[in-house]
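# Observations on the three-dimensional arrangement
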Amino acid sequence: MYIKNIEHEKTLLLANLVSIQSGQIVSKTLTQNLAVSITLFAFAKGEEISSHDSDGDAMVVVLEGTGQFTIDGVVYECKTGETLIMPAKKPHSVYAKENFKMMLTVIFPIEKA
């Protein structure tokens, strides 16, 4: 199975697959390999992932609420249904000004032999 932790052949709302828990960031990995990682996140208000970078381009889709993202010092607010790309190698962070949920897809470079 390439995609895990989610029912196959069933219509679902991704936002319902992770729950907000006070004082926590909840995550559920749907797939992770050398080429791609897809993870659902539920952030309680005030929680954050501090500044870091990635070898791959990261695409966020906000599923519920509003998230605050900082990319290389520039702040972006994304609301339900909005998408933001965080380019590879650029420092970025995530902060929950309110409870929110997102799906993170990271595409990693694959070196050719």
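Structure first, text after, so check above.
Residues numbered from 1 in each chain as written. Predicted model: local features only at pLDDT ≥ 70, side-chain atom pairs only at ≥ 80, totals over all residues. Heavy atoms only, no water.

## A short note on the nonpolar core
- The biggest cluster of nonpolar side chains holds 16 residues, and the ones touching the most others in it are Phe43, Val60, Phe69, Met86, Phe100, Met102 and Leu104.
- Those elements giving two or more residues to this core turn out to be β2 (36–43), β4 (57–71), β6 (83–86) and β8 (100–107).
- Of the residues forming this core, the biggest block, five residues, is contributed by β4.
- Once you skip the residues sitting within four places of it in the chain, methionine 102 turns out to touch Thr39, Leu40, Phe41, Phe43, Val60, Val61, Val62, Leu63 and Phe69.
- One finds Ile6, Val18, Ala42 and Val61 within the second-largest nonpolar core, a separate group that totals twelve residues. (Core = buried A, V, L, I, M, F, W, Y, C linked by side-chain atoms within 4.5 Å. Buried < 20%, exposed > 50% of the residue type's maximum accessible area, 1.4 Å probe, protein only. Helix = DSSP H or I, 4+ residues; strand = E, 2+ residues; numbered from the N terminus. Contact = heavy atoms within 4.5 Å.)

## Some words on the pattern of salt bridges
- Summed over all chains, the structure comprises four salt bridges.
- Put simply, lysine 10 and glutamate 7 hold a salt bridge, and the shortest N to O gap is 3.4 Å. (Salt bridge = Lys/Arg side-chain N within 4 Å of Asp/Glu carboxyl O.)

## Regarding the side chain of serine 37
- With respect to the helices and strands, serine 37 occurs in strand β2.
- Not counting chain neighbours up to four residues away, the residues in contact with serine 37 comprise Thr31, Gln32, Leu104, Thr105, Val106 and Phe108.

## Thoughts on the layout of surface pockets
- Taken as a whole, the largest pocket encloses approximately 190 Å³ of empty space.
- Of all the secondary-structure elements, those providing two or more residues to the lining of the largest pocket are β2, β3 (48–52), β7 (92–95) and β8.
- In terms of residue class, the lining of the largest pocket is built from nine nonpolar, five polar and no charged. (1 Å grid on protein atoms, 1.4 Å probe; cavity = no way out; pocket = protein on both sides within 12 Å on 5 of 7 lines; lining within 4 Å. Points joined across faces, edges and corners; volume = space filled by probe spheres on them. Nonpolar A, V, L, I, M, F, W, Y, C, P; charged D, E, K, R; others polar.)

## Description of the side chain of threonine 105
- Examined against the element boundaries, threonine 105 turns out to sit in strand β8.
- You can call threonine 105 buried: its relative accessible area is 12%.
- Once you skip the residues sitting within four places of it in the chain, threonine 105 turns out to touch Val36, Ser37, Ile38, Asp57, Ala58 and Met59.

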